[in-house]
Every structure is written in structure tokens, then in C-alpha cells.
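# An overview of the molecular structure
These are the residues of each chain, in order.
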Amino acid sequence: MAEGRTVRSICVFCGSRPGGDPAFAAGAAALGAAIAKRGFTLVYGGAKVGLMGVLANAALAEGGRVVGVIPKGLVSKEIAHEGLTELYLTESMNDRKERMVLLSDAFISMPGGWGTYDELFEVLTLAQIGFHDKPSAFLNVNGYFDPLLALLHHTIVHGFAAPQHEQLYVAAADAEELIDALVAWAPPPLGDRLLDRRAVVAEKK
Ligand code: AMP
């Protein structure tokens, strides 16, 4: 990590469905357990369904601290988890994402759907323009993120993102290896195009 920063809480974005490969649920269980065993707080979308539920239950089973963040309007649809350490209810989807960013020191995306993509791109684009300097990671279970990682690279090849933006994230297929990479991560120099709005984010806290 950057000088003077430590990772205490890790936010995980993942599917509200289990997906079609049992390896996805196994990956969610391994990640939830690894986060808890290492003493990190798990921050996630607060639901009981899909990979989200598997992830949270695995962390709780290891005695981990699990914080959910869910919009009021989704409490019944995604079935809010009642057994969490803390559950924040937000007014909107945007409030949820903002709260998750503020509560977390690092972000891991697991296989998921378009909601997961929305969340991971929110965090990556905020890092790209300097709203935060926290690392992102892809738990690339069975190559699920290979097309997305290729698309991110394609963006750089075609000049719509800078080469150093590829250093804003790490990827690995194994949960322990991925957490090691997150903890070792240091922010890349982002250069003159960076809009330094960290002060704005700090004010909001
Ligand atoms: P999915 O990957 O589509 O299963 O969704 C994963 C999570 O993303 C769920 O908790 C959804 O509520 C959330 N989500 C879905 N659509 C959006 C959106 N437009 N903005 C933010 N979060 C979303």
C-alpha cells in the first residue's frame, strides 16, 4: 500500500445470482473466509441472495466483521441479510455506492452481472480521476473476467485510457494471492490528467 496506509476493510462486489458454474460460489466462500481470517472487515451489498449471501456467510462463519450496505428499496427484493455485524440502509443506489467507497480501503470484484460491472466501473473510474487512491482487484474465477480485462487493455491500446491506468487494479484466480497483491499495491503516478478532487471527498466524510 501507499506510505502510511493500511487495509482494514475490503469491499466485495459480486453477483446477486449464483451464476452457472459452482466454482463461483466456491470462490465466494473462499474469499469471504480469507477476508475474515486475515482480520479485515468485509463490506458488501448487504443481500442474502446469490454469491453475495455465500460470501457474507463464509466471512461470518469465520467470526469476521461484515458490514452490508443496501438501498431501502432493495431490502425485500435482494433480501437483506439479518445476521450481519452492521447493515446500512441507503436512500438510493448511488448513496449505496458512495457509502461503500467511503467505508472501504480496497475493492474486489467477483463474477457477477451488470450490477457488479456498474459498481466496479464506478470505483475504477473514480480512481482514474483521483477521487480516491484505493486499489481494485478482480477475483478471476475460471477466467470469468478475461473478456473484461481484455476490454480494459483494448481501451488503452486505442488511446482512451493511459497505460498507467492498468496499474489501478490487480487480478488473480486465488483469493489469498489476490489479497496479498492488494496489500502490496501502491498507487501509480497518474500524471497531469488527474483531477485531484480528494478534498471534495474528504469534506463529505
Ligand atoms: P448483479 O451483478 O447484476 O447481480 O448485481 C450485483 C449488485 O449490484 C446487486 O446488489 C445490485 O443491486 C447492484 N446493482 C444493480 N444495478 C445497479 C446499478 N445500476 N447501480 C448500482 N448497483 C446496481
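Structure report, in brief. All of these numbers come straight from a predicted model, not from anything done at the bench.

## Digging into the state of the cysteines
All chains considered together, the criterion is met by zero disulfides. Considering cysteine sulfurs only, Cys 14 is the nearest to Cys 11, which forms no disulfide, with 9.4 Å between them. What makes Cys 14 buried here is its relative accessible area of 5%.

## With respect to the site of the ligand
Taken together, 16 residues form the shell around the ligand, and within it Ser 16, Glu 78, Gly 113, Thr 116 and Asp 118 come nearest. Separating an oxygen atom of the ligand from a side-chain N or O atom of Glu 119 is a distance of 3.5 Å. Protein contacts shield 77% of the accessible area of the ligand, which totals 490 Å² for the unbound molecule. Elements represented by at least two residues in the shell around the ligand include exactly α3 (93-103) and α4 (114-128). Ranked by residue count, the leading element in the shell around the ligand is α4, at five residues. When its residues are assigned to classes, the shell around the ligand shows five nonpolar, six polar and five charged.

## A few points about the pattern of salt bridges
A side chain with one charge may pair with a side chain of the opposite charge, provided their charged atoms come close. Per the stated rule, a full pass over the model turns up nine salt bridges. Where Arg 38 meets Asp 180, a salt bridge forms, and the shortest distance between an N and an O atom there is 2.8 Å. Highlighted residues: Arg 38 in the loop between α1 (22-37) and β2 (41-44) and Asp 180 in helix α6 (residues 175-184), separated in sequence by 142 residues. Through salt bridges with shared partners, a single network forms among Arg 38, Glu 176 and Asp 180.

## As for the sheet that holds strand β7 (residues 169-172)
Sheet architecture is open: seven strands sit in the order β4-β3-β2-β1-β5-β6-β7, paired in parallel fashion. Two strands lie at the open edges of the sheet, namely β4 (86-90) and β7, each paired on one side alone. Adjacent strand axes in the sheet meet at a mean angle of 20° when their direction is disregarded. Pairing between strand β5 (residues 106-109) and strand β6 (residues 136-139): three bridges, direction parallel. Across the sheet, Ser 109 pairs through a bridge with Phe 138, a residue of β6. Sitting on the sheet, α3 is in contact with β1 (9-13), β2, β3 (66-71), β4 and β5, with an inclination near 160° to β3.

## Examining the side chain of Ser 109
Within the fold, Ser 109 resides in strand β5. Contacts of Ser 109, omitting those with residues within four sequence positions, involve Phe 13, Leu 120, Ala 137, Phe 138, Leu 139 and Phe 145.

## Observations regarding unusual backbone geometry
With phi around 55°, Ile 79 is a residue other than glycine that occupies positive phi space. If you trace the backbone, Ile 79 turns up in the loop between β3 and β4. Of note in the backbone geometry, Asn 142 takes a positive phi value of approximately 50° without being a glycine. Counting through the fold element by element, Asn 142 comes out in the loop between β6 and α5 (146-157).

Rules of the game
Residues numbered from 1 in each chain as written. Predicted model: local features only at pLDDT ≥ 70, side-chain atom pairs only at ≥ 80, totals over all residues. Heavy atoms only, no water. Disulfide = S-S within 2.5 Å. Buried < 20%, exposed > 50% of the residue type's maximum accessible area, 1.4 Å probe, protein only. Near = heavy atom within 4 Å. Polar contact = N/O pair within 3.5 Å; in protein donor to acceptor, adjacent residues only side chain to side chain. Areas by Shrake-Rupley, 256 points an atom, 1.4 Å probe, with all protein chains shown as cover. Helix = DSSP H or I, 4+ residues; strand = E, 2+ residues; numbered from the N terminus. Nonpolar A, V, L, I, M, F, W, Y, C, P; charged D, E, K, R; others polar. Salt bridge = Lys/Arg side-chain N within 4 Å of Asp/Glu carboxyl O. Pairing = 2+ DSSP bridges. Axes fitted to C-alpha atoms, helices over the stretch in contact; angles between N-to-C directions. Contact = heavy atoms within 4.5 Å.

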